[in-house]
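Residue-level structure breakdown
Residues per chain are reported as follows:
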Amino acid sequence: MIIKEDKKSLIATLFAIILLFIASLAGYFYYDVKGAAIFSMAVSFVCIYFCLNKALKESYINIQDDGFLIKKGKKEIKIYFKYISSIDTKIVDTKKNSKIIVIKFRKRKIDMELVEGLLQRLGDDEATILTKYEKPTDEIYNILKSSLHTFKNNS
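Okay, so let's go over this structure. A quick note: this is a predicted structure, and the numbers were derived from the prediction, not measured.

Cut-offs used in this document
Residues numbered from 1 in each chain as written. Predicted model: local features only at pLDDT ≥ 70, side-chain atom pairs only at ≥ 80, totals over all residues. Heavy atoms only, no water. Helix = DSSP H or I, 4+ residues; strand = E, 2+ residues; numbered from the N terminus. Rg over C-alpha atoms; globule rule 2.2 N^0.38 Å. Buried < 20%, exposed > 50% of the residue type's maximum accessible area, 1.4 Å probe, protein only. Contact = heavy atoms within 4.5 Å. Areas by Shrake-Rupley, 256 points an atom, 1.4 Å probe, with all protein chains shown as cover. Pairing = 2+ DSSP bridges. Axes fitted to C-alpha atoms, helices over the stretch in contact; angles between N-to-C directions. Salt bridge = Lys/Arg side-chain N within 4 Å of Asp/Glu carboxyl O.

Let's shift gears to the overall build of the protein. In terms of helices and strands, the protein carries three helices and eight strands. Starting at the N terminus and ending at the C terminus, the protein contains elements arranged as β-α-α-β-β-β-β-β-β-β-α. The C-alpha radius of gyration of the protein comes to 21 Å, more than 25% above the 15 Å expected for a compact globule of 155 residues. Seen along its three principal axes, the alpha-carbon backbone of the protein occupies a region of about 70 × 35 × 30 Å. For the protein, the proportion of its 155 residues judged to be buried stands at 33%. When contacts within the protein are restricted to residue pairs at least 6 apart in sequence, long-range pairs at least 24 apart make up 50% of them. Of the roughly 10300 Å² that the protein leaves accessible, carbon and sulfur atoms contribute 57%.

Below, the structure written as structure tokens:
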């Protein structure tokens with residue numbers, strides 16, 4: 001099962017940056033604020049570049065029978081279920097009810113330097129998934145938890 005990164009907020013940001021660029025053009029040609037307009041256009045170009053760069057990068061989680069693959073741009077790592085001791089959720093903000101998925105690895109079974117940029121380290125043997133995906137955190141958690149449970153029962 002492939003779960004892609006959610007890019008809805010990225011598209012909204014790109015739209016806002018394009019509006020800023022248009023407003024900068026209007027300021028340059030009609031309102032005679034040339035210095036501020038040129039600065040705004042330069043900032044807009046830089047923002048548009050980074051937004052398009054992020055939008056074109058392939059980013060997903062591929063959940064398989066023996067583990068899951070996390071890919072962000074050119075970086076990717078496959079994490080095998082045999083190296084995971086547990087998968088849990090942790091509430092980060094009680095007001096917004098936002099949760100993160102915490103993956104606890106077995107001692108010294110994974111090099112935490114390899115997961116840098118793909119997972120966020122929480123300790124020597126714990127990490128969390130960084131990116132927002134198209135499916136909610138609870139659903140991804142349930143899929144990972146059931147896949148881990150199935151893997152452990154089949155082993």
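Structurally, Ser86 is set in strand β5 (residues 84-93). Residue Ser86 is classed as buried on the basis of its relative accessible area, which comes to 18%. Excluding residues that lie within four positions of it along the chain, Ser86 makes contacts with Val102, Ile103, Lys104 and Leu148.

As a further point, take the sheet that holds strand β7 (residues 119-121). Taking strand neighbours across the sheet as the criterion, the four strands line up as β5-β6-β8-β7 in an open arrangement whose pairing is antiparallel. Each end of this open sheet is capped by a strand with a single partner; those strands are β5 and β7. With strand direction ignored, the average angle separating the axes of adjacent strands in the sheet is 35°. When β5 meets strand β6 (residues 98-105), the two strands line up antiparallel, connected through eight bridges. Residue Asp88 lies in a different strand from β6, and its bridge partner there is Val102. Packing of helix α3 (residues 137-154) onto the sheet brings it into contact with β5, β6 and β8 (126-129), and relative to β5 it is tilted by some 165°.

Now for the pattern of salt bridges. Overall, the coordinates contain eight salt bridges when judged by the stated rule. Close ionic contact of Lys135 with Glu139 constitutes a salt bridge, the shortest N to O distance being 3.3 Å. According to the relative accessible area criterion, Lys135 is partly exposed, its value standing at 27%.

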